[in-house]
Structures are given as C-alpha cells and as structure tokens.
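Listed below are the residues making up each chain.
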Amino acid sequence: MDKGLISGFRDIVGSNYCLYDIHDLYAYSYDSTPLFHAMPDLVLMPSCTEEVSEIMKIANKNRIPIVSRGSGTNLSGGTVPLEGGIVLNMLRMNGMREIDQENLTCTFGPGIITAKVHQEVEALGLFYPPDPGSMKISTMGGNVSECAGGMRGLKYGVTKDYILGLEAVLPSGEVIRVGGKNAKDVAGYDITKLLVGSEGTLACITEIIAKLLPLPEAKQTMVVYFHTLTSAALSVQNIIAKKIIPASIEFLDQATMEVVEAYAHIGLPSDMRAMLIIEQDGPESVVAHDIEKMKEICLKQGAVEVQIAQTKEEANNLMAARRSALSALARKKPTTILEDATVPRASLAQMVERIEAVAKKYQVEICTFGHAGDGNLHPTCLTDERNHEEIERVEAAFAEIFDSAIRLGGTITGEHGVGIGKAKYLETRFNPATIELMKRVKNAFDPHGIMNPGKIFAKSNRRRVVVSHVCGCERANEIR
C-alpha cells in the first residue's frame, strides 16, 4: 500500500492504532475458521463513527478492500481479508452507551463482548436472549453481521429478532441511521433487517440498538439419554407438537458425548446413541409443569433415562458441557472443521443418520451436535489440514451433507453465515434470479465492491487459501 495512504490513515486513528508490520498483520490473516488465511495490507482500529467514515471515504476513492472485524470467532471465513486491503478492528468501539429500562432497549458499540451485554442487562433484571457458543469472546458487531443464533433460538429466535436499530457507515463514508427504539415502524424498507446477517458486505456497523425482555423468573434443566437417534428426534417432534416450547433442546450424538466426557468429566455414559439437554424458563409453575410433561413425552418415545438437575450448579454444568463440545472436539486432531446445516425438525433423525453414513462412505471422523429444537446441526470433522488427500475427502463429505440438508427441505447454514466456505453452495439453496437480486442489492450499497470482497458470492470453487509471504503487500494464493 502507498506510504502516503498509510500516513493518511495513521492521521485518522493515531499511530498506535495503525498496524502495518508483517508480524502485526499476521494475527489478522485468519479467524476461527480452519483452512483460510490471507494477509491484509493494513489494520486500523477506529474509536468512533467519524473515524470510520473518514477511512471509508479514502478506501472507496482508492478502491481499497475493507473487512470489518471483532474478535474473529466466526466459522465461515468471514473476516479473512481475501483481497488484502484494510482490516477494521472494531474492538475500541466497545461501550455500553445506554440501558433504557422504560423502553426495554440497550444501545452499544459493535466491539462490546456479547457476554458483557448479558451481564449488564441481567444485573437490572432484564434479558437479551441470543446466546451464541462464542458469547464469552465474540462481539455484538460480529453477532449482528452473522445473525448469530445460539442455544435459545427455539423459543426466543436469533439476533435479527432483537436488533431494533443500527448506525452504519456506507462505503462512500455516508453515515446512516435505520430503525430505532419504536416497537412498530414500517416507514420505508427495513434496512435494519437487511444489514443483520449481511456479513460486512454492505456497510460497517458502528452502533446497535437491541430489544430486551424481562429476565425469566425460573429455569430448570434436564438431560435425556437414548439408545436410538430416532427416539431422540421423535421426542423433540412430540414436545413441540404438544405445544411446549422449551428455551433450549440441545443434541449430542454418541461420538460427541464420548469426547465431551473425556474433556469435562461430568458422568456422560458411553453406551448411548444420543442425548438431549432440555432447558425451560418462565414462571416457576409453568416451568415445573413443562419439565414434567417433557419427561413423560421422552419416556414414551423410548428414552432410557431422564435426569432433572437438582441444583443451579448441576444445571450450569450440563449447559457448560454442551458449550464445551467444540473445545473438546478440537483437542483430538490438529484441524477441527465445524459446519452448520439446518433441516425441519421432523427430518432431524434422517439428517443425523445421513451424516453418519457420509462419514463412513468417505472414511472421515464426524461428530454431530447442535440445536435439535430448531433443526440446526453442527457436523464437526476432526482431521489434519496437512493431509491433503483426507481434506479432499472431507470436502466431498460436506458437499453431500449440504446436499442432503437441501433435499430434506433445509438450508446450507442456520447461523454461521456463508462467508468463503459455503459461497459455492449458495446456488444449491437459491435459484439464479434470487442470487442475481442479492447481487443487485450488494451493488446498490457497494458499487466498487470494496466491502468484504469474495464473501457470500463465489468467484470460483475456492476452498483453501494460504498466506504468501512475499513482501509487505501479501496476497492470497488459491489452492483449488
């Protein structure tokens, strides 16, 4: 990048917040997604909307790619700077600006950690429901960009259901404010919802207004073990059919249970094909009633054992064990590829069985866990990226898994986004007219294509990207 441009950017953010040394840049060449790496030319850390606006104006004029980033916890390669350019690290914009108890909203910067939002509003008896597995380190800006979900998605929905308003900077440098604190607002197009889940390809989010709920009065958790996947899936279907909507219904298959037990040591059995962790919240009497009814339903569908947590600590341990699934699996082999496919609840057992069959076909190790209540599964492959032949089999296996999800009426991603890894599968999810409409929306916001280029819409069958250390302006080399 031209030294004059670097100097101009440094003047905007300050010398401490403008990184261009190769050793500093390397930390921003990857995120939590395995296999994807590409070096940026520059990392900038703005402190306010005005600085973001000034950066955008220069970048747009000079056609410099912009990738906004929080903690880099995404699992779709969403913050890998495929075409170099600038990574905007938004962590300095991390303040809780307001908790409005009269309107049940909170306003904060995109760099605030998700768990901090939970802690601050819950201290006032309020509740922000979306709870992605990365909540202790992910940022709310990242949650909004990816439309993050979590374990409470069945009852409460996902990030898009709680974002009321946004401030964002367009590639041109113009600042827009959309939505607000109103419970109802149908003035014009819903740009707020459009920006949620747009993966940084349309604008850079600089302020967020979120909806809050009253904190539930009570909560109870139980764990259910099954000898068959079908029994577990039918239990989920019948719970919903009886008009009971739990806060969470989480699924772990046998392989995942074994790994989590070796990691967490909480007494999970090794001879069960599947387990469900079910949590309900709400008024105490309703919670007690629902837990008892769900126990009955599970036993009727063939559950081998049902355990209801007797203490808050026991309940927390169960949910913590579920949250630890990815960490536990990551200990087994050098590379852990966690994917995300969603099917209608009625197809849950078919999908899990299909994943198992695909793993055997391609001789790869895949463990499956996820949010059974909303049909969102996370098939996770344990492999080694240095073994290129095995990685090819992993690729083929996931291609069949995504195809199976589509055939069962599902989708290629429920909460992780498209990013790089699933861009080539988007055409299996939508027809050409729909994809062309999406591209026209992208072009309307970003006519020069500087916002997170190479994401969502595939330019090739790219799967792996590696860093090229040639000079201070490294670029990605594709391995096809």
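Residues numbered from 1 in each chain as written. Predicted model: local features only at pLDDT ≥ 70, side-chain atom pairs only at ≥ 80, totals over all residues. Heavy atoms only, no water.

Engineer: I'd love a proper account of the overall build of the chain, names of residues and values included.
Structural biologist: Across its full length, the chain holds 16 helices and 21 strands. In terms of overall size, the chain behaves like a compact globule, its C-alpha atoms giving a radius of gyration of 23 Å where 480 residues would be expected to give roughly 23 Å. Along the longest, intermediate and shortest principal axes, the C-alpha atoms of the chain span 70 × 60 × 45 Å. Across the 480 residues of the chain, 56% fall into the buried class. In the chain, the proportion of contacts linking residues at least 24 apart, taken out of those at least 6 apart, comes to 73%. When the accessible surface of the chain is summed, it comes to about 20,100 Å², and 50% of that surface belongs to carbon and sulfur atoms. (Helix = DSSP H or I, 4+ residues; strand = E, 2+ residues; numbered from the N terminus. Rg over C-alpha atoms; globule rule 2.2 N^0.38 Å. Buried < 20%, exposed > 50% of the residue type's maximum accessible area, 1.4 Å probe, protein only. Contact = heavy atoms within 4.5 Å. Areas by Shrake-Rupley, 256 points an atom, 1.4 Å probe, with all protein chains shown as cover.)

Engineer: Describe empty space enclosed by the protein, and please don't skip the residues or the numbers.
Structural biologist: In the structure shown here, the tally under the stated rule is four cavities of 30 Å³ or more. For the largest cavity, the calculated volume is near 100 Å³. Around the largest cavity, the lining is made up of 15 residues, and of these Thr 33, Leu 75, Ser 76, Leu 338 and Glu 339 lie nearest the centre. (1 Å grid on protein atoms, 1.4 Å probe; cavity = no way out; pocket = protein on both sides within 12 Å on 5 of 7 lines; lining within 4 Å. Points joined across faces, edges and corners; volume = space filled by probe spheres on them.)

Engineer: Please give an account of the nonpolar core that cites residues and values.
Structural biologist: What tends to happen in soluble globular proteins is that the nonpolar side chains get buried as a cluster. Counting residues in hydrophobic clusters, the biggest one holds 57 residues, and the most contacted among them are Met 222, Val 224, Ile 239, Ile 249, Phe 251, Leu 276 and Ile 278. Element by element, the count of residues in this core is highest for helix α13 (residues 348–362), at eight residues. Apart from residues no more than four positions distant in its own chain, Ile 239 is found in contact with Ile 244, Pro 246, Ile 249, Ile 278, Met 294, Ile 297 and Cys 298. Core analysis: the second largest hydrophobic core is formed by 31 residues, Cys 106, Phe 108, Leu 170 and Ile 176 among them. (Core = buried A, V, L, I, M, F, W, Y, C linked by side-chain atoms within 4.5 Å.)

Engineer: Tell me about the sheet that holds strand β4 (residues 86–89), residues and numbers included.
Structural biologist: Sheet architecture is open: four strands sit in the order β1-β2-β4-β3, paired in mixed fashion. Edge strands, defined here as strands with exactly one partner in the open sheet, are β1 (18–19) and β3 (66–69). Sheet analysis places strand β2 (residues 42–44) next to β4, joined by three bridges and oriented parallel. Bridging across to β4, Val 43 finds its partner in Val 87. Each of β1, β2 and β4 touches helix α1 (residues 3–13); the most contacted strand, β2, lies at about 15° to it. The strands touched by helix α3 (residues 49–61) are β2, β3 and β4; relative to β3, the strand with the most contacts, the crossing angle is about 155°. (Pairing = 2+ DSSP bridges. Axes fitted to C-alpha atoms, helices over the stretch in contact; angles between N-to-C directions.)

Engineer: Which residues make up the sheet that holds strand β10 (residues 204–211), and what are the values?
Structural biologist: Read from one edge to the other, the open sheet built from five strands follows the order β5-β6-β10-β8-β9, with strand pairing classed as antiparallel. The sheet terminates laterally at β5 (96–100) and β9 (175–179), the two strands that pair on one side only. The average angle at which neighbouring strand axes cross in this sheet is 10°, direction not considered. Direction of pairing for β5 relative to strand β6 (residues 105–108): antiparallel, over a ladder of four bridges. Within the sheet, the bridge partner assigned to Asp 100 lies in β6 and is Thr 105. Docked against the sheet, α3 engages β8 (163–169), β9 and β10, running at close to 50° with respect to β8. Sheet contacts for helix α4 (residues 114–122): β5 and β6; angle to β5, the most-contacted strand, approximately 40°.

Engineer: Break down the confidence of the model for the chain for me, citing the residues and quoting the values.
Structural biologist: Averaged over all residues, the pLDDT of the chain equals 92, while 95% of them reach at least 70. Contacts for the low-pLDDT stretch residues 460–480, under 50 throughout, to residues beyond four places or in other chains number 58 contacts. (pLDDT = per-residue confidence, 0-100.)

Engineer: Help me get a handle on helix α10 (residues 284–300), residues and values and all.
Structural biologist: Helix length check: α10, at 17 residues, gives a terminal C-alpha distance of 25 Å against a target of 24 Å (1.5 Å per residue), a fit within 8%. All of the buried residues in α10 are Val 287, Asp 290, Ile 291, Met 294, Ile 297 and Cys 298. Angularly, the buried residues of α10 cover 130° about the axis, an arc narrow enough to put them on a single face. The exposed set on the far side of α10, more than 90 degrees from its buried face, consists of Ser 285 and Lys 300. (Expected span 1.5 Å × (residues − 1). Arc of directions from axis to C-beta.)

Engineer: Before we move on, could you go through α13 and cite the residues and values that matter?
Structural biologist: With 15 residues, α13 ought to run about 21 Å at 1.5 Å a step, and its terminal C-alpha atoms sit 21 Å apart, in line with that. Among the residues making up α13, those that are buried are Leu 348, Ala 349, Met 351, Val 352, Ile 355, Val 358, Ala 359 and Tyr 362. Looking at the packing, one finds that the buried side of α13 touches α8 (229–241), β13 (248–253), β18 (365–371), β19 (376–383) and α14 (388–407).

Engineer: Outline the side chain of Thr 383, supporting the account with residue identities and numerical values.
Structural biologist: As for its placement among the helices and strands, Thr 383 is situated in strand β19. There is a polar contact of 2.5 Å between the side chain of Thr 383 and the side chain of Glu 390. Apart from residues lying up to four places away in sequence, Thr 383 is in contact with Lys 333, Pro 334, Thr 335, Ile 337, Glu 390, Ile 391 and Val 394. (Polar contact = N/O pair within 3.5 Å; in protein donor to acceptor, adjacent residues only side chain to side chain.)

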